[in-house]
Amino acid sequence: MVIEASSRSQAIRLDGVDQLALFGTQDKNLKLIENLSGTRMVVREGELRVRGGGRGVARAIGLIEHLIELVQTGAGFDVQDIRRLYDRLEAGAVEFPPASGAERVAIRGTQKIIRPKTAGQEAYLAAINENDIVVSIGPAGTGKTYLAVAMAIDALQRRAVRRIILARPAVEAGETLGFLPGDLQEKVDPYLRPLYDALEDMLPGDRVRRYIETRVIEIAPLAYMRGRTLADAFVILDEAQNATTRQMKMFLTRLGLNSRAVITGDVTQIDLPPAEFSGLLQIERILTGIDGIEFVYLTAQDVVRHALVQKILTAYEKLVPPDPERDK
């Protein structure tokens, strides 16, 4: 709560605030906010005093108040979050994503807690909780795959499902792969590596290997799903923009009893041959409005990678217009 204000100085009471969590080790969080906002900060007598130009002080105060909410709700934050939140202020944002942490996912048996970083991600997790099929469309870095994998692990650990199935289209699964060394699994593994990476970031490596060996978790090219019925499973189709219309129909009709699916994709990165139409674009057109299926759209504002990724995506959006022929 602001207790003193002028055009050049404001102060915030820190009663009951975990100052180490707020300020960071050796005050690294405060130093970062000072650099971003062009302000100076001093802690004295239970107050954080912020001095500087009027606009910089206002932004710093708004950001710090939100960070205090994150600390007090247990949601937490890191330096990348600070940069991203400050960028939102510079872009004219008048409010921050919810600080409730209601949709956070705790991975049992580890210290890992997966939290949505943006309002879009919060809505994404809520949609997965409330629907059997969720389609998430958005640019790289918005957490589409990572959050879906977290929700799948949570469902497995709660015994809501018996297995996790992760699939990706291997766009070059035809003749091109035949020239690569190794057996078929070794040929397709490069296409599936991002799914392994997400799992290994959340679970110990030995547990991931055990789950894969016992087929509790299966990671496979989309083509491997043909002819199967996927019951009691949390199924994720990643990079769905590269699934053809026939593959997408095949995937959606594999779902069995007590199964749920999350489909993720970026419609700006379609790698299919020109003669093939994206199945993701098709279902966006024909499945919208069906009860039990929800479409969630993430944007550059939901990017949680390096702070520059959001700016790069925004620059590309301005430079490259949509291709109406491609999107027919």
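Keep in mind it's a predicted model, so treat the numbers as computed, not measured. (Residues numbered from 1 in each chain as written. Predicted model: local features only at pLDDT ≥ 70, side-chain atom pairs only at ≥ 80, totals over all residues. Heavy atoms only, no water.)

## Regarding the nonpolar core
Here comes step 1: Among the nonpolar cores identified, the biggest contains 36 residues, and Tyr124, Ile153, Leu199, Ile219, Phe234 and Ile236 are the most heavily contacted of them.
Here comes step 2: Those elements that provide at least two residues to this core are helix H5 (119–130), helix H6 (144–157), strand E8 (163–168), helix H8 (184–202), helix H9 (205–213), strand E9 (217–221) and strand E10 (233–237).
Here comes step 3: Here this core takes 9 residues from H6, the largest share from any one element.
Here comes step 4: Leaving out residues up to four positions away in the same chain, Leu199 has contacts with Val149, Ile153, Leu166, Val208, Ile217 and Ile219. (Core = buried A, V, L, I, M, F, W, Y, C linked by side-chain atoms within 4.5 Å. Buried < 20%, exposed > 50% of the residue type's maximum accessible area, 1.4 Å probe, protein only. Helix = DSSP H or I, 4+ residues; strand = E, 2+ residues; numbered from the N terminus. Contact = heavy atoms within 4.5 Å.)

## What about the pattern of salt bridges?
Here comes step 1: Summed over all chains, the structure comprises 14 salt bridges.
Here comes step 2: Of the charged contacts in the structure, one is a salt bridge between Arg13 and Glu47, with a shortest N-O distance of 3.5 Å. Placement of the pair is Arg13 in strand E2 (residues 9–13) and Glu47 in strand E4 (residues 47–51), with a sequence separation of 34 residues.
Here comes step 3: On the basis of relative accessible area, Arg13 is assigned to the partly exposed category, the value being 30%.
Here comes step 4: A salt bridge links Glu218 to Arg228, with the nearest nitrogen and oxygen atoms 2.7 Å apart. In this pair, Glu218 sits in strand E9 while Arg228 sits in the loop between E9 and E10, placing the two residues 10 residues apart along the sequence. (Salt bridge = Lys/Arg side-chain N within 4 Å of Asp/Glu carboxyl O.)

## Side note on the packing of helix H3 (residues 54–73) against helix H4 (residues 79–90)
Here comes step 1: Look at H3 against H4: their axes get within 10 Å of each other, and the N-to-C directions meet at 135°. Classified by the interaxial angle, the pair formed by H3 and H4 is oblique. Judged by the sense of rotation from one axis to the other, the crossing of H3 with H4 is right-handed. Contacts between H3 and H4 involve Arg59, Leu63, His66, Leu67 and Leu70 from the first element and Ile82, Leu85, Tyr86, Leu89 and Glu90 from the second. (Axes fitted to C-alpha atoms, helices over the stretch in contact; angles between N-to-C directions. Parallel < 35°, antiparallel > 145°, perpendicular 65-115°, else oblique. Left-handed = near helix turned anticlockwise from the far one by under 90°.)

## Some details on H9
Here comes step 1: Among the residues making up H9, those that are buried are Arg207, Val208 and Tyr211. Along the long axis of H9, the arc covered by the buried residues comes to 100°, so they all point the same way.
Here comes step 2: One or two steps after H9, the chain reaches Arg215, where phi turns positive at roughly 65°. (Arc of directions from axis to C-beta.)

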